[in-house]
Amino acid sequence: MGVLLTVTGVSKSFSGLRAVQDVSFTVNDGEIFAVIGPNGAGKTTLFNMIAGAFPPDAGGIVFAGARLDGVAPDEACRRGIGRTFQMVRPFPALTVEENVTVGALLHARDVAATRPAVRDVLERLDLYDKRSQRASALTLPDRKRLEVARALATRPKLLLLDEVMAGLRPTETDRMVAILRELNRTGLTILLIEHVMRAVMALASRILVLHHGAAIAEGPPGQVVRDPAVLSSYLGAEAV
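(A) Geometry of the pairing of strand S1 (residues 3–14). For S1 and strand S2 (residues 17–28), the ladder comprises eight bridges, and the chain directions are antiparallel. Bridge pairing in S2 links leucine 5 to valine 27. Linking two consecutive strands that pair antiparallel, namely S1 and S2, is a turn of two residues; a positive phi of about 50° is found at serine 15 within it. Sheet topology places S1 next to strand S4 (residues 58–63); five bridges connect them, and they run antiparallel.

(B) Representation of unusual backbone geometry. With a phi angle near 50°, alanine 64 is a residue other than glycine that sits in the positive phi range. Within the secondary structure layout, alanine 64 lies in the loop between S4 and strand S5 (66–67). On the accessibility criterion, alanine 64 (43% relative accessible area) is partly exposed. In this structure, glutamate 163 is a non-glycine residue whose phi angle is positive, near 55°. Summarising the element assignment, glutamate 163 is placed in the loop between strand S7 (158–162) and helix H6 (170–185).

(C) How the structure looks around the sheet that holds strand S9 (residues 206–211). The six strands lie next to each other as S6-S7-S8-S3-S9-S10, forming an open sheet whose pairing is mixed. Two strands close off the open sheet at either side, each with one partner strand: strand S6 (81–83) and strand S10 (214–219). Between one strand and the next, the sheet's axes are offset by a mean angle of 20°, whatever the strand orientation. Two elements, S6 and S7, share three bridges in a ladder whose sense is parallel.

(D) Focus on the layout of surface pockets. Approximately 420 Å³ is the volume found for the largest pocket. Lining the largest pocket we find 20 residues, and of these Cys77, Arg83, Phe85, Ala151 and Thr154 sit closest to its centre. Elements represented by at least two residues in the lining of the largest pocket include exactly helix H2 (73–79), S6, helix H3 (96–104) and helix H5 (140–152). In terms of residue count, H2 provides more of the lining of the largest pocket than any other element does, four residues in total. Each residue belonging to the lining of the largest pocket can be placed in one class, and the counts come to 11 nonpolar, five polar and four charged. There is about 150 Å³ of room inside the second largest pocket. Around the second largest pocket, the lining residues are Ala117, Asp120, Val121, Arg124, Leu152, Ala153, Arg155, Pro156, Leu183, Thr186, Gly187 and Leu188. Looking at which element gives the most residues to the lining of the second largest pocket, the answer is helix H4 (residues 111–124), with four residues. Classifying every residue of the lining of the second largest pocket gives seven nonpolar, two polar and three charged.

Reading the values: rules and limits
- Residues numbered from 1 in each chain as written.
- Predicted model: local features only at pLDDT ≥ 70, side-chain atom pairs only at ≥ 80, totals over all residues.
- Heavy atoms only, no water.
- Pairing = 2+ DSSP bridges.
- Helix = DSSP H or I, 4+ residues; strand = E, 2+ residues; numbered from the N terminus.
- Buried < 20%, exposed > 50% of the residue type's maximum accessible area, 1.4 Å probe, protein only.
- Axes fitted to C-alpha atoms, helices over the stretch in contact; angles between N-to-C directions.
- 1 Å grid on protein atoms, 1.4 Å probe; cavity = no way out; pocket = protein on both sides within 12 Å on 5 of 7 lines; lining within 4 Å.
- Points joined across faces, edges and corners; volume = space filled by probe spheres on them.
- Nonpolar A, V, L, I, M, F, W, Y, C, P; charged D, E, K, R; others polar.

These values are about where atoms sit, not about what they do.
Listed below in structure tokens is the structure:
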């Protein structure tokens, strides 16, 4: 199993406030890797640097053997970085199928050419029966799965998931966990930010913990959730 993503010493500040400070980690090809930490820890800022929303102030990012830091978001997507956002905002007037088609057009010459791939994505995310519904009519769990479907339609090598299980009931969380496991079995590498620890523990092979922009722990889930620094800053004594 080779390394797909290497993040080395990345830092980012906004108006003098250090959002991410000297963070390094690797994600292996085919792995599910989780980033956790309290609100404001720098998790989404880290995602934004990987996805090309803005460049790091220091450090470097290498994806599939090529430098990624400073690359524009559309180019990062073409190279194989797919992502979701905390705020789920599909095109509300478009149908579920049309929303997914927008992502699929990245690698297709026209809408007709996207149809087999779009159907496959809709079936994987349990959305095929709702393909003709407008996105504005979907429930939150369906909108969350549509967000994943839109990213998956871009045919990523690495899928960045930003709190896709936030706000879901336990049964819907379990449904999403099952979907993500199945996607990972196809060879898709997943890097996720998540506060729902039952999902993190079920999915991730390794966890990175951020606090005040810095990495305070990294390792297998069972080891990380017992780390004293993680317990005191994020999880609390009840996690043991």
